[in-house]
Amino acid sequence: VNYAALFLDSWDFEAFPGDPGAYSCAGKFGLLCDDPTPEYKHNTTFSWSSGAYTAQLRWEYIGEVSDDDVNSTYTVEELDGKSYFNLNGSWQVTDNVKWTLGIDNLLDEEPEFIGDNQEQANTYPATYDLFGRTIYTSVKLITKSSLDKFGKGGLRPAFFLFSARSNLRLDCRMTQRASSQPFPV
């Protein structure tokens, strides 16, 4: 089990150094504070492995926040806390092949919608998951030439990714990890 949390004591916005109208953004979102800045959030990961198999469940919690503009009433004045769960497992098929299968946003949680608070996609895409449940699989191949050149565990030259969402988009690509340049397909 791995647990990492943020307990935010203060997050102040100043338009300029020494601004007498500095504003506290801890636990707020909106015009002055921009993206939600909860006073508490965490990531907890539960991991298991046995031989060639591994599994992992990750719980991301984003705490509740309220609108930073006390002088105006918007459609949404508060955003509730939100939990996202991601599950994945992998199988080391051979020394050179690893297969992974996973589901992000396992419970298909909707993002927090903000109505007329005027933000991208009617929410905060940097904070909340816009895509819903995402199922993916990947196969990583380590070739002999990459082992000779970079050593075991160095370069993973072939990476295939298949991603399926509710709109059934297919994303398949091959990349070379060391240079991050795509292989011609």
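Please refer to the structure higher up on the page.
A.B. asks: I'd love a proper account of the environment of Leu 8, names of residues and values included.
C.D. replies: Along the polypeptide, Leu 8 turns up in the loop between strand 1 (2-7) and strand 2 (12-13). C-alpha separation for the pair Leu 8 and Thr 37, spaced 29 residues apart in sequence, amounts to 8.4 Å. If near-sequence neighbours (up to four positions away) are discounted, Leu 8 is found in contact with Ala 26, Thr 37, Pro 38 and Glu 39.

A.B. asks: Before we move on, can you summarise the packing of aromatic side chains with the specific residues and values?
C.D. replies: Taken as a whole and judged by the stated rule, the model has five aromatic pairs. Summarising the aromatic geometry, the rings of Tyr 53 and Trp 91 are spaced 6.1 Å apart at their centres and angled 10 degrees between planes, so their arrangement reads as stacked. Residue Tyr 53 is located in strand 7 (residues 53-62), and its partner Trp 91 is located in strand 10 (residues 82-92); the two are separated by 38 residues in the primary sequence. The exposure class of Tyr 53 is partly exposed, given its relative accessible area of 43%. Grouped by ring-pair contacts, the aromatic residues Phe 7, Tyr 40 and Tyr 61 constitute a single cluster.

A.B. asks: Requested: an account of unusual backbone geometry, with residues and values cited.
C.D. replies: A positive phi is found at Asp 34, a non-glycine position, where the angle reads about 65 degrees. Relative to the elements of secondary structure, Asp 34 occurs in strand 5 (residues 34-37). Of note, Asn 105 is a non-glycine position whose phi angle comes to about 55 degrees, a positive value. Mapped onto the elements of the fold, Asn 105 is located in the loop between strand 11 (97-104) and strand 12 (134-141).

A.B. asks: Run through the sheet that holds strand 4 (residues 28-30), naming residues and quoting values.
C.D. replies: Strand order in the open sheet formed by four strands is 5-4-8-9, and the pairing between neighbours is mixed. In this open sheet, the two edge strands, each paired with only one partner strand, are strand 5 and strand 9 (78-79). Here two bridges tie strand 4 to strand 8 (residues 65-67), and the two strands are oriented parallel to one another. In the sheet register, Phe 29 faces strand 8, and the bridge partner there is Asp 67.

The rules behind each value
Numbering of residues begins from 1 in every chain and follows the order in which that chain's sequence is written. Owing to the predicted nature of the model, reporting of local features is limited to residues with pLDDT of at least 70; listing and counting of side-chain atom pairs is limited to 80 or more, with chain, interface and lining totals taken over all residues. Water and hydrogen atoms play no part in the side-chain values, which are based on all heavy atoms of the structure. Strands are runs of DSSP state E lasting at least two residues, helices are runs of H or I lasting at least four, and both sets are numbered from the N terminus onward. Here, two residues are considered to be in contact whenever any of their heavy atoms come within 4.5 Å of each other. For Phe, Tyr and Trp, rings pair up if their centres lie within 6.5 Å, where Trp contributes its six-membered ring, and each pair is then called stacked (planes under 30 degrees apart), edge-to-face (over 60) or tilted (otherwise). Working definition: with a 1.4 Å probe on protein chains only, accessible area under 20% of the residue-type maximum means buried, over 50% means exposed, and in between means partly exposed. Any two strands between which DSSP finds at least two bridges are classified as paired.

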